Amino acid sequence: MSSRSSNESFRRVLGRVTQQDFVGRASELERIMAQAEPANAGRGLLLLMEPSAGVSELLRQAYDQIFNRRSDIIPIYFGITRTETTAVSAAIEFLNTFVQQYIAFRRDEPIVAHAPLTLQDLLELAPPADFEWIEQLVESYTRVRFSNDDKSLVRFCLGAPQRIPAGRGRAFVMLDGAQLAEYLNGVVVLGTEILRVFGRGGFSFVLAGLRRQILEAAHDAKSDFERLDLLRLEQLDTNEAPLLVEHVAKRQQVATSEAARDLLVQQFAGSPFFISSFLQAAREKRTSLLTYLDVERLYVDELFGGHIHRHFADVLEETSPRLDTRNLLIRLLWEAAAGEERTSSFEVWRKRLHVAPNELEEILHRLHVQEFVNWDGATVEAGVGPQAWKDYLKIRYRLDVLNEPRALVVADALADALKRAPHTMARHYKQIANTGLRESISRFNTQMVPAVLFDYQGFSDKYKGAENDAIVSGLAAETELIKLPQTVHLASCLSFNSDMKQICEEDHCFVAHTFEEGTYSDAQQVVWLAADIESKLEVDADVVRAWYERLEHMANRLGFTRIQVWLISNEGFSEEASRLLKRRNAFGSSRQQLGLLASRVRETVASPVMQTSDSDEFLIVVPMGEDNELIAANTAEQIARRLTFRPEAINQIKTAIVEACINASEHSFSPDRKIYQRFRVESDRLVITISSRGIVPANLNGANSGTEDKKAAEERRGWGLKLIRTLMDEVEFERVDDGTSLRMTKYLRTGSS
Amino acid sequence: MDTPSGKLVRSHCVGTTAVVYASDYLNKLTGEKIERECRRQLNCGCRALVIDFSDTKLVNSIGISILLGIIDVAEKNGAQIVFSDVNHPTVELFEMLGLTRHVVLAKDESEALMNLSRLETTPPVVH
């Protein structure tokens, strides 16, 4: 077959979005394309999808790319839908789709792939060279169809791609089985049949679907795993998911803000399915998504009656068609999600649901496949699944089981979602801030690093107050080095001991199984227990002691024989705490040391003044740190001079800006590490707004922070706000969804200011 | 005994008094440098400190909290401390945050040294 010239425009065939609008999944797309290559002829790729991770558009994009290549690989995409009610009807639809897409490709006419055509119509459209074999295929199909042998019919239809005569190209079948879960029952188990037929068909294929179901089907079909490759498809990561929100919002013409975008990403855990459904709902309801309130109102609407509601309701109805059982199931699932006892026996479930064992098995199997429960045959763990599922269950429980007034449930759901939003973001920001620790430990691989990076006191003695360049060159000249071990396994300490949840968050404490020298022997095995202690000041000995004992206790319980405790604190440790660490052979590092270590185990990685559309308003965005507050202060000086503020007032403004910037840097786990500064010139005043994204500190509530009773050092660090209030005429915290925004006003007093 | 200029803190000694020069912006980093230099001078036997702010145009609250730390260290070492040539806005800040209750301010370095020599010759008050 001839290849088209590369400069010819790319045609969208099945893709619902353009290539440019398809966000993320680059490596997965590449992997699927590789599966179509001759080197993988006859091999299958199982695309194991996390529920709601979304796979359909990925496969459609792959289809379009292969279609446009015009090579001898003939792409076939078939998505199993809920409208096909039996394995037989789905298989017949597959046959129809196969013939249609084959002819579309052979005729190089994308429109044929979309048209509503019968097999007879397609036969008339078949190119002369293909007419004969397609006619035979249709005749054979007609015979098998009326043979009353469903299994034979299903196998015949699914095996159609192998009937392509030699020299007419090779089929590459991509089967989207995201909805395959609806075919768990019946005489013919569709997933198993697909794998049996495709596995022996001699053509390359991709079978995508819910991971638990696809793996189970492969085992049931006794698939030859040597001829199968696996690709796991999880939710989008924190780089790709915001891009998806932006692209879909633009396509759906939904206005969004960065704060709302990030909330969506976190609330839906990067799920393309939920994000796309949600933005579609926003378009349908002509709703902007600019504030947390906008997002949560629509979210609650969605839970009560939108796309998300329908998705969960369909799963529940298919899982448990009988209403009485369904209500009992909702009750059981919600109580498990809300309570402490998440795990119970199969028998307990059977008694609570009042169903026969085989019926319960079917229910649990469906829930297990959707990952709403974890069921191993004997015990059932509920309370798992995405947040939206838990919120949906709670609503259904209150409406259907408790019969509470709908208005009350709606109001509570909205209030709960709004209250949760800042916590959701705070958790995310803290995770970002702690990425350095996780990443650093995971990259330990017998590198030699200066020992002083694990000794806060030693580091402080040598380098406190030194310029970064001086520190880097000093570290390069250090002769006392330690060899890092090789990390072979790293997990949050909560994965080992859930009690730790009361003390720290998931990404604040890690257990790393390591081997010294990379030698895998008992003698060389050391478990590193690393904890990041939240503190704005140097951590004292009591806190260090408590943390050490906590970690040591956990190590004893878990049977770790050799441990290395490593504590990290933002500002390091007091002298006494450092001595304690040394006595216990534990390491202690400040965040600065961690940063330096991180740059040694990996290569690590900042804003001009812009005038806004308003001629009296200036916007500066500066990266946090590096004395960048001076840039803002100097800009303010220039602007204040235009307004003829007296030098003394200008100094006061500058100092206030410096303090506000320091506060923004110190008090937020800022995701972008930027400070946004707006200077608005009015006839009698200068209004300055300093904003940053991140966590709103509890003490920055606009009221006096009441530091009198706190320790002197803490009090000193609380001086910034006190100074700002004294130096400026009006100081006000503006309410923002994400982070802080401090508005400061200085009035121009004729003759005095 | 001037230390080299550049990124280090400039200082020199007059008798047993160390004069340490603060930079144009007193923040955490430069404050820590001054603290380090003051500690070094005290460890070397200096009995009094003058911190000269003639170059200092701007200070922030972290810098001021470090100055308080230096005052504490000086007190613990029985050393006198004087701040010289502090500009008016900075004096205001020091007053707002109560720093002037703990330190003597002098117009310039000469006045600071003179104040210190006067204090040295004054016999200690016995309670």
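Quick notes on the rules
- Residues numbered from 1 in each chain as written.
- Chains lettered and ligands numbered in written order.
- Predicted model: local features only at pLDDT ≥ 70, side-chain atom pairs only at ≥ 80, totals over all residues.
- Helix = DSSP H or I, 4+ residues; strand = E, 2+ residues; numbered from the N terminus.
- Buried ≥ 20, exposed ≤ 12 C-beta atoms within 10 Å, placed from the backbone.
- Contact = placed C-beta atoms within 7 Å.
- Core = buried A, V, L, I, M, F, W, Y, C linked by C-beta atoms within 7 Å.
- Pairing = 2+ DSSP bridges.
- Axes fitted to C-alpha atoms, helices over the stretch in contact; angles between N-to-C directions.
- Nonpolar A, V, L, I, M, F, W, Y, C, P; charged D, E, K, R; others polar.
- Parallel < 35°, antiparallel > 145°, perpendicular 65-115°, else oblique.
- Left-handed = near helix turned anticlockwise from the far one by under 90°.
- Right-handed = clockwise from strand over helix to strand, strands pointing away.
- Expected span 1.5 Å × (residues − 1).
- pLDDT = per-residue confidence, 0-100.

Some thoughts on the overall build of chain A
So, step 1. Along its length, chain A carries 29 helices and 21 strands.
So, step 2. Seen through its C-alpha atoms, chain A measures out along the principal axes to roughly 100 × 70 × 60 Å.
So, step 3. The buried share of chain A, taken over its 753 residues, is 41%.

Here's the deal with the overall build of chain B
So, step 1. Check the secondary structure of chain B and you find four helices and seven strands.
So, step 2. Helices and strands appear in chain B in the N-to-C order β-β-β-α-β-β-α-β-α-β-α.
So, step 3. When contacts within chain B are restricted to residue pairs at least 6 apart in sequence, those whose partners lie at least 24 apart make up 73%.

Quick notes on the nonpolar core
So, step 1. By size, the foremost hydrophobic cluster in this structure holds 71 residues, and its most contacted members are A:Ala656, A:Ile657, A:Ala660, A:Cys661, B:Val20 and B:Leu49.
So, step 2. Element by element, the count of residues in this core is highest for helix 27 (residues 647-666) of chain A, at ten residues.
So, step 3. Dropping the residues within four chain positions of it, A:Ala660 is found in contact with A:Ile690, A:Ile724, A:Leu742 and A:Met744.

Some words on the sheet that holds strand 2 (residues 73-79) of chain A
Residues and elements named next belong to chain A.
So, step 1. What the five strands build is an open sheet, ordered 2-3-4-1-5; its pairing is parallel. What marks the edges here is a single partner per strand, and that holds for strand 2 and strand 5 (228-233). The mean angle between the axes of side-by-side strands here comes to 15°, regardless of whether they run parallel or antiparallel.
So, step 2. The pairing of strand 1 (residues 44-49) with strand 5 spans six bridges and is classified as parallel. If you follow Gly-44 over to strand 5, its bridge partner there is Leu-228.
So, step 3. Each of strand 1, strand 3 (170-177) and strand 4 (204-210) touches helix 7 (residues 190-201); the most contacted strand, strand 4, lies at about 165° to it.

Quick look at the interface of chain B and chain A
So, step 1. The partner chain A presents 20 residues to the 19 residues of chain B that form the contact.
So, step 2. Elements supplying a minimum of two residues to the side of chain B that touches chain A: helix 1 (28-43), helix 2 (61-76) and helix 3 (88-96) of chain B.
So, step 3. When grouped by side-chain class, the residues that make up the side of chain B that touches chain A number ten nonpolar, four polar and five charged.

Digging into the packing of helix 27 of chain A against helix 29 (residues 719-727) of chain A
Residue and element names in this part refer to chain A.
So, step 1. Running from N to C, helix 27 and helix 29 point in directions that differ by 150°, and their axes come no closer than 9 Å. If you check the angle between helix 27 and helix 29, you find them roughly antiparallel. Crossing hand, helix 27 versus helix 29: left-handed. Residues Gln-652, Thr-655, Ala-656, Glu-659, Ala-660, Ile-662 and Asn-663 of helix 27 lie in contact with helix 29, whose contacting residues are Gly-720, Leu-721, Leu-723, Ile-724 and Leu-727.

Details of the pairing of strand 15 (residues 587-590) of chain A
Residue and element names in this part refer to chain A.
So, step 1. Of the two faces of strand 15, both are covered, the one formed by Phe-587 and Ser-589 as well as the one formed by Gly-588 and Ser-590.
So, step 2. Bridge analysis of strand 14 (residues 563-569) against strand 15 gives four bridges, and the strand direction is parallel. When the sheet's bridge partners are listed, Ile-568 is paired in strand 15 with Ser-589.
So, step 3. A crossover links strand 14 with its parallel partner strand 15, the connecting element being helix 24 (residues 575-583), and its sense is right-handed.

What to know about unusual backbone geometry
So, step 1. Positive phi, close to 60°, is recorded for A:Arg25, a residue that is not glycine.
So, step 2. Within the secondary structure, A:Arg25 is located in the segment before helix 1 (26-35).

Description of the environment of B:Ala74
Residue and element names in this part refer to chain B.
So, step 1. With respect to the element layout, Ala-74 can be found in helix 2.
So, step 2. For Ala-74, a count of 23 C-beta atoms within 10 Å gives the class buried.
So, step 3. For the pair Ala-74 and Gly-98, spaced 24 residues apart in sequence, the C-alpha to C-alpha distance is 17 Å.
So, step 4. Excluding its chain neighbours within four sequence positions, the residues that come into contact with Ala-74 are Leu-49, Ala-79 and Ile-81.

Some points on the sheet that holds strand 7 (residues 374-375) of chain A
Residue and element names in this part refer to chain A.
So, step 1. Read across the open sheet, the three strands follow the order 6-8-7; overall the sheet is antiparallel. Strand pairing shows two members of the sheet lacking a second neighbour, strand 6 (343-345) and strand 7, which therefore form its edges.
So, step 2. On top of the sheet, helix 15 (residues 346-353) reaches strand 6 and strand 8 (379-381); it is set at about 80° to strand 6, its chief contact.

Things to note about helix 9 (residues 240-251) of chain A
All names here are of chain A.
So, step 1. Taking 1.5 Å as the rise per residue, helix 9 with twelve residues should run 16 Å; its terminal C-alpha atoms sit 16 Å apart, in good agreement.
So, step 2. Buried-residue contacts for helix 9 involve helix 10 (258-267) and helix 11 (272-284).
So, step 3. Within two residues after helix 9, Gln-253 carries a phi angle of roughly 55°, on the positive side.

What to know about the confidence of the model for chain A
Residues and elements named next belong to chain A.
So, step 1. Averaged over chain A, the pLDDT score is 86; the fraction of residues at 70 or greater is 91%.
So, step 2. In the model, residues 1-7 has pLDDT below 50 throughout and makes seven contacts with residues more than four positions away in sequence or in other chains.
So, step 3. Predicted confidence is poor over residues 603-613, with pLDDT under 50, and the contacts of this stretch with residues over four places away or in other chains come to 15 contacts.

Let's talk about the environment of A:Asp376
All names here are of chain A.
So, step 1. Looking at the secondary structure, you find Asp-376 in the loop between strand 7 and strand 8.
So, step 2. Judged by local crowding, Asp-376 falls into the exposed class, with 9 C-beta atoms found within 10 Å.
So, step 3. Asp-376 sits 125 residues away from Lys-501 along the chain, and the two C-alpha atoms are 26 Å apart.

Thoughts on the pairing of strand 13 (residues 525-533) of chain A
Residues and elements named next belong to chain A.
So, step 1. Inspection of the sheet shows strand 12 (residues 509-515) paired to strand 13 by seven bridges, in the antiparallel sense. Across the sheet, Phe-515 pairs through a bridge with Gln-525, a residue of strand 13.
So, step 2. Here strand 13 runs beside strand 14; their pairing, made up of seven bridges, is parallel. By the bridge assignment for strand 14, Val-527 is matched with Ile-563.
So, step 3. Viewed along the sheet, the connection from strand 13 through helix 23 (residues 541-558) into strand 14 turns out right-handed.

Some thoughts on the packing of helix 3 (residues 87-107) of chain A against helix 6 (residues 150-158) of chain A
Residue and element names in this part refer to chain A.
So, step 1. Look at helix 3 against helix 6: their axes get within 8 Å of each other, and the N-to-C directions meet at 25°. Here helix 3 lies roughly parallel to helix 6, going by the angle between them. Between helix 3 and helix 6 lies a crossing whose hand is left-handed. Of helix 6, the residues touching helix 3 (which contributes Ala-87, Val-88, Ala-91, Ile-92, Phe-94 and Leu-95) are Asp-150, Leu-153, Val-154, Cys-157 and Leu-158.
So, step 2. Residue composition of the contact of helix 3 with helix 6, by class: ten nonpolar, no polar and one charged.

So, the confidence of the model for chain B
Residue and element names in this part refer to chain B.
So, step 1. Across chain B, the average pLDDT comes to 84, with 87% of residues at or above 70.
So, step 2. Per-element confidence in chain B is highest for strand 4 (residues 48-52), whose mean pLDDT is 93, and lowest for helix 4 (residues 109-121), whose mean pLDDT is 80.
So, step 3. Segment residues 1-6: pLDDT under 50, and nine contacts once partners within four positions in sequence are set aside and those in other chains are kept.
So, step 4. Reported for the predicted complex are a pTM of 0.70 and an ipTM of 0.84.

Examining the environment of A:Val248
Residue and element names in this part refer to chain A.
So, step 1. With respect to the helices and strands, Val-248 occurs in helix 9.
So, step 2. Judged by C-beta crowding, with 24 C-beta atoms within 10 Å, Val-248 ranks as buried.
So, step 3. C-alpha separation for the pair Val-248 and Val-17, spaced 231 residues apart in sequence, amounts to 9.3 Å.

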